[in-house]
Amino acid sequence: MGGAGYIGSHAVYEMVRAGHEVVVMDNLSTGSRDMVHPDARFRAGDIRVHGDLRQVFIAEQRPDAPPFDVVLHFAAKLVVPESMTQPLEYYHNNVEGVRLMLATMVDYNVRNVVFSSTAAVYGNPVGDGTCIEDTPANPINPYGASKLAAENLIRWVSEAHDMNYCIFRYFNVAGADASLEIGLLKDHLTHLIPVALQAGLGLRASMMVLGNDYPTPDGTCVRDYIHVTDLAKAHVLGAEYLLESQTSLLANLGSGTGFSVTQVLAEAEKHIHVPHSYGERRPGDPAKLVASNEVARTVLGWEPTLDLGDMISSDLAFRRKSNAL
Ligand code: UDP
């Protein structure tokens, strides 16, 4: 679900590379058809429309097995500031969409789900900002709250209907596939790395550092950045884990290292000059979020292999290619 968007398309590429047969359902609201791997089957549909889900499951019926072994969910709205002004829209898409997806899975006997959740469920974590999976979830924006509601729904449904889940809480995802066929290309980008590189490429006049009075070493927010390809590979491991182990899993996906906005800009400056200024804090932003990634490492054998420099250089290369710069 949502395999034509930024993260979904990268996961589909890795699933196809690992030899899996993939069907993508997407309403193309933010994704695009040409982000879907040529070897995956595409079916247009909206996760908020039960009939659309049913149609896809019916079309993919198999004689002796449910239509799918595993459903992977990427069909979410995910922009924190947008969620602050559109909470109803966020709950509709991120919770109601999941409810309908789960209902359809139950109807068609599909028992495994990999779900994209987010570090935003942690809110402002107590302590030093390091999030372990049993850190109490306490979201401070509608985006995080809607994802936590969906997580809880998945847990209850899995108990009631004998379903296994793999919930991944993503930290800050960036970068593009090495092929440069896919990447993050939207009109209204808000995430730090693409915004900074757009400013560097002259695609926007400048960028603003949103607050430098946080209780962090240099006053700017600290986040854990993870390359989209590492993240995508974790989904292959997560799906295979469900099929092999028949047990559920909740795991953070992050590098385990925090970088401040200032540090990210310094890394970007190694590749391109980024004109920037300083502005007010953005509502809903916690000071520091860094992952403990022990669960993903130990249970799945997952290991991030690409670093912040790789995220910046691949996003920059993708942006240059897509904008013919
Ligand atoms: N940020 C910034 N300027 C921007 C966009 C983001 O200073 O134009 C900061 C933002 O305040 C946050 C960090 O960069 O501290 C990461 O924000 P992003 O939107 O990339 O991801 P989020 O952590 O909100 O999911």
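Please refer to the structure placed before this passage.
Residues numbered from 1 in each chain as written. Predicted model: local features only at pLDDT ≥ 70, side-chain atom pairs only at ≥ 80, totals over all residues. Heavy atoms only, no water.

Caption draft 1: Here's a closer look at the site of the ligand. Near the ligand there are 15 residues, and of these Leu192, Met208, Arg223, Arg282 and Asp285 occur at the shortest range. At 2.7 Å from an oxygen atom of the ligand is found a main-chain nitrogen or oxygen belonging to Leu192. For the ligand, the protein covers 90% of the area, taking 510 Å² as the surface of the free molecule. Looking at the shell around the ligand, the elements with two or more residues in it are helix H6 (192–200) and strand S8 (207–210). The biggest single contributor to the shell around the ligand is S8, with four residues. When the residues that make up the shell around the ligand are grouped by side-chain class, the tally is nine nonpolar, three polar and three charged. (Near = heavy atom within 4 Å. Polar contact = N/O pair within 3.5 Å; in protein donor to acceptor, adjacent residues only side chain to side chain. Areas by Shrake-Rupley, 256 points an atom, 1.4 Å probe, with all protein chains shown as cover. Helix = DSSP H or I, 4+ residues; strand = E, 2+ residues; numbered from the N terminus. Nonpolar A, V, L, I, M, F, W, Y, C, P; charged D, E, K, R; others polar.)

Caption draft 2: Molecular detail of empty space enclosed by the protein. Evaluation of the coordinates by the stated rule reveals one cavity of 30 Å³ or more. For the largest cavity, the calculated volume is near 30 Å³. Surrounding the largest cavity, Val79, Leu184, Lys186, His188, Leu189, Thr190 and His191 form its lining. Residue classes in the lining of the largest cavity are distributed as three nonpolar, three polar and one charged. (1 Å grid on protein atoms, 1.4 Å probe; cavity = no way out; pocket = protein on both sides within 12 Å on 5 of 7 lines; lining within 4 Å. Points joined across faces, edges and corners; volume = space filled by probe spheres on them.)

Caption draft 3: Local environment of the environment of Tyr122. Secondary-structure assignment places Tyr122 in the loop between strand S4 (112–118) and strand S5 (130–131). When the C-alpha positions of Tyr122 and Leu148 are compared, they lie 9.1 Å apart, and in sequence the two are 26 residues distant. The contacts of Tyr122, once residues within four sequence positions are left out, are Cys131, Ile132, Glu133, Thr135, Pro136, Ala137, Asn138, Arg169, Phe171, Asn252 and Leu289. (Contact = heavy atoms within 4.5 Å.)

Caption draft 4: Broad picture of the layout of surface pockets. One number sums up the size of the second largest pocket: a volume of about 540 Å³. Surrounding the second largest pocket, 25 residues form its lining, Glu21, Val22, Val23, Phe68 and Val70 being those nearest its centre. Of all elements in the fold, only helix H1 (6–17), strand S1 (23–26), strand S3 (71–73) and helix H7 (228–245) reach the threshold of two or more residues within the lining of the second largest pocket. Residue composition of the lining of the second largest pocket, by class: 17 nonpolar, two polar and six charged.

Caption draft 5: Spatial organisation of helix H5 (residues 142–161). Here H5 spans 28 Å end to end across 20 residues, near enough to the 28 Å set by a 1.5 Å rise per residue. For H5, the set of buried residues is Pro142, Tyr143, Gly144, Ala145, Ser146, Lys147, Leu148, Ala150, Glu151, Ile154, Val157 and Ser158. For H5, the elements touching its buried residues are S3, helix H3 (80–85), helix H4 (87–107), S4, strand S6 (164–170) and strand S11 (249–253). Just downstream of H5 lies Asp162, where phi reads positive at about 55°. (Expected span 1.5 Å × (residues − 1). Buried < 20%, exposed > 50% of the residue type's maximum accessible area, 1.4 Å probe, protein only.)

Caption draft 6: Representation of the side chain of Asn93 in the model. With respect to the helices and strands, the residue Asn93 is situated in helix H4. Ignoring sequence-local partners within four residues, the contact set of Asn93 consists of Arg48, Ala75, Ala76, Lys77 and Val98.

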